[in-house]
Structures are given as structure tokens and as C-alpha cells.
Amino acid sequence: MSGGEVAGILVAVFWAILVSFLAFALVRLAQTLKATTKLVAEVTEQAVPLLGEASATVRSANTQLARVDSIAADVQEVTSNASALSSTVSTAFGGPLVKVAAFGYGVRRAIGRKGRPDERPARTVVVGKTLPSARWGGRRNRGSKG
């Protein structure tokens, strides 16, 4: 065998190994693509019904929000009516009730003093002590003179 024949055999063996490696890689790639196709099909089968259910849920939530909005509007109207009623009652009865209460207080006080003559509180006289005059003994000047 000559050197050219050995080189040809080596190149043929190298090409055989390379082709078998590429064939193995292509078989693995085909298996991976089959598994990916199967996974995408399963996800599609499950996602379509989920999207339909999500759409129905969103529609139901929008309906409920519309109902809540109308309820909130009704509550606001009731609140404004209650506020108006409260101010009307306060205006109509507030002043007269205060006057009746003041009159009742005056009557109770007059009845309580009816049996007693006008009594003034007794004044205390301290013997030997001179009280300051109003000019010099006011609150402001108590500590300065005396």
C-alpha cells in the first residue's frame, strides 16, 4: 500500500465517522422537534378553553362592576337626601329647641329661688389687713405693690 492509498482510507474513515455523527444529530433533532410539536399541540388544546373561560369571567366582572356602579350612585343619592333632610330638621327644630331649653332652665332656676330671698354670698372681712385699692391691686399689679 502506498501512502496515497492509506491517506484515501483515512479520509474515507473520517467521512464515515462524520456522516454517522451527523445522522445521529439529525435523528436527535427530529425527536426533539416531534416532542416540541406534541407539546405545542397540548398547550393549544388547553389554552383555547382557558381563554374562553377568561373572556366569560371578564364579561361577568364587567356586568358586576356596572351593578356596583349603579348601587354606588344610589347610595350617593340617598346620602345627599339624608344630608338635606338633616339640615332641614336642624333648621326647623334647632332654633326653637334651644329657646325651649333656655326657657326651661330659666323656669327651673326661678322656681328654685322662689322660696328663698335674694341671697348674696357672704363677704369675708379680715381684721387688721388693708386690702389694696382697685387702682393698685388689680391682677396685673398684685406682686409689685402691697
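Refer to the structure above for everything that follows.
Residues numbered from 1 in each chain as written. Predicted model: local features only at pLDDT ≥ 70, side-chain atom pairs only at ≥ 80, totals over all residues. Heavy atoms only, no water.

Undergrad: Honestly, the overall build of the chain in this entry has me stumped. Any pointers?
TA: Scanning the chain for helices and strands turns up one helix and zero strands. Evaluated residue by residue, the chain yields a buried proportion of 1% over its 146 residues. Element-wise, carbon and sulfur atoms account for 66% of the exposed surface of the chain, whose accessible area totals about 13,700 Å². (Helix = DSSP H or I, 4+ residues; strand = E, 2+ residues; numbered from the N terminus. Buried < 20%, exposed > 50% of the residue type's maximum accessible area, 1.4 Å probe, protein only. Areas by Shrake-Rupley, 256 points an atom, 1.4 Å probe, with all protein chains shown as cover.)

Undergrad: Explanation requested: a nonpolar patch on the surface in the structure shown.
TA: Among the surface-exposed residues, M1, V6, I9, L10, V13 and I17 lie close enough to one another that they form a single nonpolar patch of about 610 Å² accessible area. You can call I9 partly exposed: its relative accessible area is 44%. (Patch = residues over 30% accessible without salt bridge, like charges linked within 9 Å, V, L, I, M, F, W, Y side chains within 5 Å. Salt bridge = Lys/Arg side-chain N within 4 Å of Asp/Glu carboxyl O.)

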